[in-house]
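# Structural features, examined
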Amino acid sequence: MLLIIDSTNRALEHKAMRTMFEARKRVFIDLLKWDIPALADRFELDHFDDVDATYLIVTDTEGEHLASARLLLTTRPALLDSLFPGLVAGDVPRGPDVLEITRFCLSPGIGARQRRIARDALLVGLAELALANGIRTYTGVAELAWFRQIQTFGWDCRALGEPVLHAGQALVALRIDIDGSTVEKLAGAGIVSNAAAAPAAFAA
């Protein structure tokens, strides 16, 4: 199942949200060793996880998290312009038709096939949400190796500046432009989704 969660339905999806924050802690703190706090040594969340954040969460049949991404408005301070503006050559893209993708997370401990299915459902879900809600561009920050992988997905993805070394990792600011051909381009790269969606209109 692909869930789209925002302030209107967040309280109804407690299990998906809880298991997402648990997965984020295991991935970003335990595996990737990011120097960020964990709530109760169990959940990873920060001040951007507020009422304005929107989440795409792929769950299994029991409602447990498999993959997720957090979307931030760029009409207010977000991660890229607040913490990493030096990654962008020029102005940071902003506007009501620009969202920032953060905390792209795949649950550890699931098999490679399930991870691929969940990842593909999340990628297609991101494209379809954008098309349904007038979103033309996603921005984000990625480690260089992950950025290069994102570029292979078939969509229009490019760097916003040169890689910059931060805490021992080369980071890249990126933009992904979405249009009516994006889902087809993803399919051309082998990225398709059979996930049933529980859509919600995005409140920009």
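Residues numbered from 1 in each chain as written. Predicted model: local features only at pLDDT ≥ 70, side-chain atom pairs only at ≥ 80, totals over all residues. Heavy atoms only, no water.

### Some points on the nonpolar core
As a rule of thumb, soluble globular proteins bury nonpolar side chains together. Just so we agree on the cut-off: In this description, a nonpolar core means a group of buried Ala, Val, Leu, Ile, Met, Phe, Trp, Tyr and Cys residues linked to one another through side-chain atoms lying within 4.5 Å. Think of it in three bands: residues with accessible area under 20% of the maximum for their type are buried, residues over 50% are exposed, and the middle band is partly exposed, with areas taken using a 1.4 Å probe on protein chains only. Note on conventions: DSSP H or I runs of at least 4 residues are helices, E runs of at least 2 residues are strands, and numbering of each starts at the N terminus. Residues are treated as being in contact if the distance between any of their heavy atoms lies within 4.5 Å.
Ranked by size, the top nonpolar core spans 37 residues in total, and within it Leu-56, Val-58, Leu-71, Tyr-138, Ile-150, Trp-155 and Ile-176 carry the most contacts. Secondary-structure elements contributing two or more residues to this core are strand S1 (2-5), strand S2 (54-59), strand S3 (65-73), strand S4 (98-106), helix H3 (112-132), strand S5 (137-143), helix H4 (144-151) and strand S8 (169-177). For this core, the element with the highest residue contribution is H3, accounting for nine residues. Leu-71 has contacts with Asp-52, Ala-53, Thr-54, Leu-56, Leu-99, Glu-100, Ile-101, Leu-126, Leu-129 and Tyr-138, leaving out every residue within four places of it along the chain. Counting residues in each nonpolar core, the second largest holds 22 residues, with Leu-3, Ile-5, Ala-53 and Leu-87 among its members.

### Topic: the environment of Val-172
Looking at where Val-172 falls in the secondary structure, it is placed in strand S8. Between the C-alpha atoms of Val-172 and Gly-161, which are 11 residues apart in sequence, the distance is 6.9 Å. Val-172 has contacts with Leu-87, Gly-140, Val-141, Ala-142, Leu-144, Phe-147, Ala-159, Gly-161 and Pro-163, leaving out every residue within four places of it along the chain.

### Remarks on unusual backbone geometry
Outside of glycine, negative phi angles account for most residues, and trans bonds account for most peptide bonds. Although it is not a glycine, Arg-103 adopts a positive phi angle of roughly 50 degrees. Note that Arg-103 resides in strand S4. Phi at Ala-167 takes a positive value of approximately 50 degrees, unusual for a residue other than glycine. Mapped onto the elements, Ala-167 comes out in the loop between strand S7 (164-166) and S8.

### Here's the deal with the environment of Tyr-138
Relative to the elements of secondary structure, Tyr-138 occurs in strand S5. Residues Tyr-138 and Leu-56 lie 82 residues apart in sequence; the distance between their C-alpha atoms is 14 Å. Among all residues touching Tyr-138, those that are not within four sequence positions of it are Leu-71, Leu-99, Ile-101, Leu-126, Leu-129, Ala-130, Leu-174, Arg-175, Ile-176 and Ile-178.

### Describing a nonpolar patch on the surface
Put simply, the rule reads: Two distance rules govern patches: like charges are joined within 9 Å, and nonpolar side chains (Val, Leu, Ile, Met, Phe, Trp, Tyr) within 5 Å, applied only to residues with over 30% relative accessible area and no salt bridge. Computed with a 1.4 Å probe, the accessible areas rest on the Shrake-Rupley method; for each residue, only the protein chains presented here act as cover. Salt bridge, as applied in this entry: a Lys or Arg side-chain nitrogen positioned within 4 Å of an Asp or Glu carboxyl oxygen.
Together, Leu-31, Leu-32 and Trp-34 line one region of the surface with nonpolar side chains, adding up to about 290 Å² of accessible area. Residue placement: Trp-34 occurs in the loop between helix H1 (14-31) and S2. Relative accessible area serves as the criterion here: at 32%, Trp-34 is assigned to the partly exposed category.

### Points about the pattern of salt bridges
Scanning all chains against the criterion turns up 20 salt bridges. Here Arg-158 ties to Asp-177 by a salt bridge, and the two come within 2.8 Å at their closest N and O atoms. One end of the pair, Arg-158, is in strand S6 (residues 156-159); the other, Asp-177, is in strand S8, with 19 residues separating them in the sequence. By relative accessible area, Arg-158 is classed as partly exposed at 38%. A salt bridge links Arg-175 to Asp-177; the shortest N-O distance between them is 2.9 Å. For the pair Arg-175 and Asp-177, one class covers both residues: buried. Residues joined in a network through salt bridges with shared partners are Arg-24, Glu-44, Asp-46, Asp-49, Arg-70 and Arg-103.

### A look at H1
Condition: One fewer than the residue count of a helix, multiplied by 1.5 Å, yields its expected span.
With 18 residues, H1 ought to run about 26 Å at 1.5 Å a step, and its terminal C-alpha atoms sit 24 Å apart, in line with that. Every buried residue belonging to H1 is among Ala-16, Met-17, Thr-19, Met-20, Phe-21, Glu-22, Ala-23, Arg-24, Lys-25, Val-27, Phe-28 and Ile-29, and all of these are buried. Structurally, H1 contributes buried residues whose contacts are with S1, S2, S3 and S4. At the exit of H1 stands Lys-33, carrying a positive phi of roughly 65 degrees.

### As for the environment of Arg-148
Relative to the helices and strands, Arg-148 is located in helix H4. Owing to a relative accessible area of 52%, Arg-148 belongs among the exposed residues under this scheme. It is 11 Å that separates the C-alpha atoms of Arg-148 and Pro-163, two residues lying 15 residues apart in sequence.

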